[in-house]
Amino acid sequence: MIKSLKIAASSYTVSEVANAGADFGTCDHIMRHIRIKKTLSKRDRHMTLLHEAIHAVCQEYGISQYFAGEAEELVVRSLEVGVANLFTENKAFARELIQALTERGK
Ligand SMILES: [Zn+2]
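Now for a description of the structure that goes with this document. (Residues numbered from 1 in each chain as written. Predicted model: local features only at pLDDT ≥ 70, side-chain atom pairs only at ≥ 80, totals over all residues.)

1. Thoughts on helix α1 (residues 42-60)
Going by this rule: A helix here means a DSSP run of H or I that spans at least four residues, while a strand means a run of E at least two residues long, and both kinds are numbered starting from the N terminus. Here, expected helix span is obtained from the residue count minus one, scaled by 1.5 Å. Note that contacts rest on C-beta atoms placed from the backbone: two residues are in contact if these are within 7 Å.
The end-to-end C-alpha separation of α1 is 26 Å, in line with the 27 Å expected for 19 residues at 1.5 Å each. Buried residues in α1 make contact with β1 (4-7), β2 (10-17), β3 (25-28), β4 (33-37) and α2 (70-89). A positive phi of about 75 degrees marks G62, the residue just after α1.

2. Focus on the pairing of β1
So the rule is basically this: By definition, two strands form a pair when at least two bridges between them are found by DSSP.
Relative to β2, β1 runs antiparallel, the two sharing four bridges. Bridging from a neighbouring strand, L5 pairs with Y12 of β2. The loop that links β1 with its antiparallel partner β2 comprises two residues; one of these, A8, has a positive phi angle of about 55 degrees.

3. Here we look at the sheet that holds β4
Filter applied, for reference: To get an axis, a line is fitted to the C-alpha atoms, and for a helix only the part in contact is used. The angle between two axes follows their N-to-C directions and goes from 0 to 180 degrees.
On the basis of which strands lie adjacent, the open sheet formed by four strands has the order β1-β2-β4-β3 and mixed pairing. The strands lining the two open edges of the sheet, one partner per strand, are β1 and β3. Direction aside, neighbouring strands of the sheet carry axes that sit 20 degrees apart on average.

4. A word on the pairing of β3
Along any regular strand, the residues point their side chains to alternate faces of the sheet. This is how it is decided: Think of it as a crowd count around each C-beta: if 20 or more other C-beta atoms lie within 10 Å the residue is buried, if 12 or fewer it is exposed, and in between it is partly exposed, with C-beta placed from the backbone throughout.
Residues G25 and C27 of β3 are buried on one face, while the alternating residues T26 and D28, pointing to the opposite face, are not. Examined bridge by bridge, β3 and β4 share four bridges and lie antiparallel to one another. Opposite G25, over in β4, you have I36 as the bridge partner. Turn length for the β3-β4 hairpin, with the two strands adjacent in sequence and antiparallel, is four residues, and the turn residue R32 shows positive phi of about 55 degrees.

5. With respect to α2
The end-to-end C-alpha separation of α2 is 28 Å, in line with the 28 Å expected for 20 residues at 1.5 Å each. Taking burial as the measure, the 20 residues of α2 include one buried ones, a minor fraction of the element.

6. Digging into unusual backbone geometry
Within the chain, A8 stands out as a residue other than glycine whose phi angle is a positive 55 degrees. Relative to the helices and strands, A8 is located in the loop between β1 and β2. The class for A8 is exposed, based on 12 C-beta atoms found within 10 Å. One non-glycine residue, R32, lies in positive phi territory at about 55 degrees. Within the fold, R32 resides in the loop between β3 and β4. Residue R32 is classed as partly exposed on the basis of its 17 C-beta neighbours within 10 Å.

7. Overview of the nonpolar core
This is how the line gets drawn: We define the nonpolar core as any set of buried residues of the types Ala, Val, Leu, Ile, Met, Phe, Trp, Tyr and Cys, connected via C-beta atoms lying within 7 Å of each other.
Core analysis: the largest hydrophobic core is formed by eleven residues, namely Y12, A20, C27, I34, I36, L49, A53, I54, A56, C58 and V76. Counting only elements with at least two residues in this core, the list comes to β4 and α1. By residue number, the principal contributor to this core is α1, which donates five residues. Setting aside chain neighbours within four positions, we find I54 in contact with V76, L79 and E80.

Shown next, in the form of C-alpha cells:
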C-alpha cells in the first residue's frame, strides 16, 4: 500500500496498523497521519484509505467546519462509495481525468 498522500498542500503519512480502534481506519488531521487496519482485505484497505483521504480533504479545504460528527461521516461514506463506483464503472474517464489533470500546458 502507498506510504503517503499529498492532500491539498499537506503530506499525510499512511500506515497499516494492527489496531485502528473500533474503525477500519483513522485520520489524524493534526499529525497528518492516516492509519489503516492491516488485517482488512486489499479491497477494504484501499476503500478505507479513500475514505480517510476524503476526511482529510474535508479538513484541508475547510469543509469539516460545516459538519458535525455523524453528518460528516454520512457525506464521507457517500463520496467514498460514489467516487470509487464512478471510477470503476468509467475506467476510461478515470484514466483521461488523471492524464488531463497532470498534463502541462495543454
Ligand atoms: Zn469516517
